[in-house]
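The residues making up each chain are set out below.
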Amino acid sequence: MNYIEAKSGISRGSLPEPYLVSLYRVLSPYRGCGHGCRYCDGRAEKYFVEGDFEKDILVRENLNIFISSQIAEGYPSKEWGAFCMSSGVTDIYQPLEKELQLTRKTLEALIPSELPVVILTKNALIERDFDLLERFPQALVILTITTVNENHSKLLEPNASSPAERLETIKKARLRGFHAGIMAMPLCPGISAEPESVRALFDSCEASGADFIYPGGLTLRPGCQKEEFKSLLEKDYAHLLPLYESVYCENRPSGMPRKDYSFPFMKNWDADLRRRSIPQMIPHTVYKDLLSPPDSMFVLLCHMQSLYMSRNINVRPLKDATDLFSLWLKTERTTLRRKRIKTVSSDPFPITRILTEKFNSLCENKGTELEKILKNKKLSSLLSEIHTSQLVFNYSKLCAEKPVNL
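As a starting point, this report considers the structure included with it. This is a predicted model, so every value here is computed, not measured. (Residues numbered from 1 in each chain as written. Predicted model: local features only at pLDDT ≥ 70, side-chain atom pairs only at ≥ 80, totals over all residues. Heavy atoms only, no water.)

1. What about the environment of L133?
Then, number 1: Among the structural elements, L133 can be located in helix α4 (residues 130-133).
Then, number 2: Overall, the relative accessible area of 1% leaves L133 in the buried class.
Then, number 3: A sequence separation of 113 residues divides L133 from L20, and the C-alpha atoms of the two residues are 17 Å apart.
Then, number 4: L133 has contacts with L107, V117, I119, I126, A139, V141 and F178, leaving out every residue within four places of it along the chain. (Helix = DSSP H or I, 4+ residues; strand = E, 2+ residues; numbered from the N terminus. Buried < 20%, exposed > 50% of the residue type's maximum accessible area, 1.4 Å probe, protein only. Contact = heavy atoms within 4.5 Å.)

Okay, here's the thing in structure tokens:
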């Protein structure tokens with residue numbers, strides 16, 4: 001463990017991040033990870049983590065102080081949107097956090113912003129900080145679960161919380177009133193991606209009361225990550241080596257497997273979740289509480305592309321409309337950010353207020369003004385109806401409907 005100085009803390013996008021439905025990104029207190037997951041793509045050369053990934057962990061001890069300064073100076077003010085605390089090269093609740101409590105200190109530093117928070121982890125230690133999460137306007141707790149087979153889990157992710165503990169954390173998060181969901185990934189060929197294994201995982205996730213189950217396959221980037229996973233296969237799953245040599249033979253920089261192999265699996269996962277009426281991505285019912293109306297609509301458009309594509313529906317018109325809407329949203333937001341708009345107690349997020357007012361105007365009269373931007377009458381009508389009638393988009397049925405709580 002070595003200490004380094006944090007030189008940044010909170011970063012802000014010009015568009016919300018669709019995968020983890022957040023406008024702000026919070027730097028992790030750690031670089032490297034003691035969970036030791038054998039599949040972690042944080043091991044890849046792309047991320048430039050020096051030394052032993054599991055042991056030579058860099059610690060940003062001053063991160064909470066840096067973030068407190070940013071918030072005091074008003075950096076994340078003027079715009080409503082969720083913070084995201086996660087990282088591709090670490091877990092903010094890895095074993096070292098139990099001792100150092102830097103994630104807890106970072107959460108404490110974020111509370112005065114009065115913004116929501118999204119957290120992704122595979123460690124039940126997050127339960128320790130539920131008292132802090134209750135002080136945020138909204139919180140989304142996401143647990144990654146790869147398999148419910150304890151033996152596979154011990155080999156794949158030796159120092160993470162057990163699958164049973166993580167499922168219990170989801171139940172506890174829901175009881176505390178948080179949004180909570182599961183990233184069912186990476187589903188590994190021959191180990192956890194087989195139909196029986198996936199069914200057992202989905203059954204357990206459904207029983208936990210998760211708001212969503214987001215499945216995903218294993219990526220193996222050429223180099224350190226792929227070699228690390230290969231060493232696991234050679235020792236514990238030698239019979240699967242020919243399968244992996246075939247599935248990952250293209251050696252894509254992204255680490256993606258052959259599409260002809262992975263696509264049928266993804267279609268089956270999607271069909272299974274639809275039968276259960278469980279959203280297969282973070283649903284509209286959740287992120288509408290975490291983002292402004294125009295930002296929520298951008299995320300919805302991005303998600304709709306994936307949802308329709310998984311059912312072999314042509315998404316070219318949808319993609320074109322999404323690009324046009326993102327250009328409008330980015331341009332309007334950039335213009336407002338350049339102005340010296342002051343916040344007052346009665347109007348703490350003025351940029352969001354103005355953006356939302358502009359979006360409201362676009363959605364009036366069944367979206368006639370929105371159509372001028374999207375160049376798509378049917379889609380403009382749907383989005384305006386969702387917004388003006390306070391509907392939500394059902395990811396399983398692919399239709400707009402009234403939320404259950406209304």
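2. Topic: the sheet that holds strand β10 (residues 213-217)
Then, number 1: Sheet architecture is open: seven strands sit in the order β2-β3-β6-β7-β8-β9-β10, paired in mixed fashion. Strand pairing shows two members of the sheet lacking a second neighbour, β2 (10-17) and β10, which therefore form its edges. Strand-to-strand, the axes of this sheet are offset by a mean angle of 25 degrees, without reference to chain direction.
Then, number 2: Relative to strand β3 (residues 22-26), β2 runs antiparallel, the two being bridged by four bridges. What sits directly across from R12, in β3, is Y24. (Pairing = 2+ DSSP bridges. Axes fitted to C-alpha atoms, helices over the stretch in contact; angles between N-to-C directions.)

3. Section: helix α13 (residues 316-338)
Then, number 1: Its 23 residues give α13 an end-to-end C-alpha distance of 33 Å, which sits within 8% of 33 Å, the value for a rise of 1.5 Å per residue.
Then, number 2: Three or more residues of α13 are buried, namely L318, A321, T322, F325, S326, W328, L329, R333 and L336.
Then, number 3: Against β2, β3, α12 (293-309), α14 (350-374) and α15 (377-388) lie the buried residues of α13. (Expected span 1.5 Å × (residues − 1).)

4. A look at the environment of L232
Then, number 1: For L232, the location among the structural elements is in helix α8 (residues 224-236).
Then, number 2: Beyond its immediate chain neighbours, meaning those up to four positions away, L232 contacts R38, L155, L156 and Y237.

5. Considerations on the pattern of salt bridges
Then, number 1: Enumeration over the complete set of coordinates arrives at 30 salt bridges.
Then, number 2: A salt bridge links K172 to E127; the nearest nitrogen and oxygen atoms lie 3.0 Å apart. Here E127 lies in the loop between β7 (117-121) and α4 and K172 lies in helix α6 (residues 163-175), a separation of 45 residues in the sequence.
Then, number 3: In this structure E127 comes out as partly exposed when scored by relative accessible area, which is 23%.
Then, number 4: When the shortest N-O distance is used, the salt bridge between K235 and D236 registers 3.8 Å.
Then, number 5: Looking at D236, the relative accessible area reads 29%, which means it is partly exposed.
Then, number 6: Each of R12, E79, D295, R333 and R337 takes part in a single network of salt bridges with overlapping partners. (Salt bridge = Lys/Arg side-chain N within 4 Å of Asp/Glu carboxyl O.)

6. Let's talk about unusual backbone geometry
Then, number 1: Cis peptide bonds are those with omega within 30 degrees of zero, and the linkage from M185 to P186 qualifies with -10 degrees.
Then, number 2: By the element assignment, P186 lies in strand β9 (residues 179-187).
Then, number 3: In this structure, Q101 takes a positive phi of about 55 degrees despite not being glycine.
Then, number 4: Here Q101 lies in the loop between α2 (96-100) and α3 (102-110).

7. Re the layout of surface pockets
Then, number 1: Volume-wise, the second largest pocket comes out at about 450 Å³.
Then, number 2: In this structure, the second largest pocket is lined by 21 residues; those nearest its centre are P279, P283, T285, E401 and V404.
Then, number 3: At the level of secondary structure, the elements contributing two or more residues to the lining of the second largest pocket comprise α11 (284-287) and β11 (392-394).
Then, number 4: It is β11 that provides the largest number of residues to the lining of the second largest pocket, a total of three residues.
Then, number 5: In the lining of the second largest pocket, the residues fall into eight nonpolar, six polar and seven charged. (1 Å grid on protein atoms, 1.4 Å probe; cavity = no way out; pocket = protein on both sides within 12 Å on 5 of 7 lines; lining within 4 Å. Points joined across faces, edges and corners; volume = space filled by probe spheres on them. Nonpolar A, V, L, I, M, F, W, Y, C, P; charged D, E, K, R; others polar.)

8. Re the nonpolar core
Then, number 1: L133, F229, Y244, I282 and F325 are the most contacted members of the largest nonpolar core, which has 124 residues in total.
Then, number 2: Among residues more than four places away in sequence, those in contact with I282 are Y19, L20, V21, L140, I142, M183, F212, Y214, Y287, H303 and Y395. (Core = buried A, V, L, I, M, F, W, Y, C linked by side-chain atoms within 4.5 Å.)

9. Here we look at the side chain of R166
Then, number 1: Assignment of secondary structure puts R166 in helix α6.
Then, number 2: What R166 contacts, discounting residues up to four positions off in sequence, is K122, L143, T144, I145, T146, S153, E157, A160 and S161.

10. A look at the pairing of β10
Then, number 1: Among the five residues in β10, four count as buried, and that is most of the element.
Then, number 2: With four bridges joining them, β9 and β10 adopt parallel strand pairing. Considered in β10, the bridge of I182 is made with I213.

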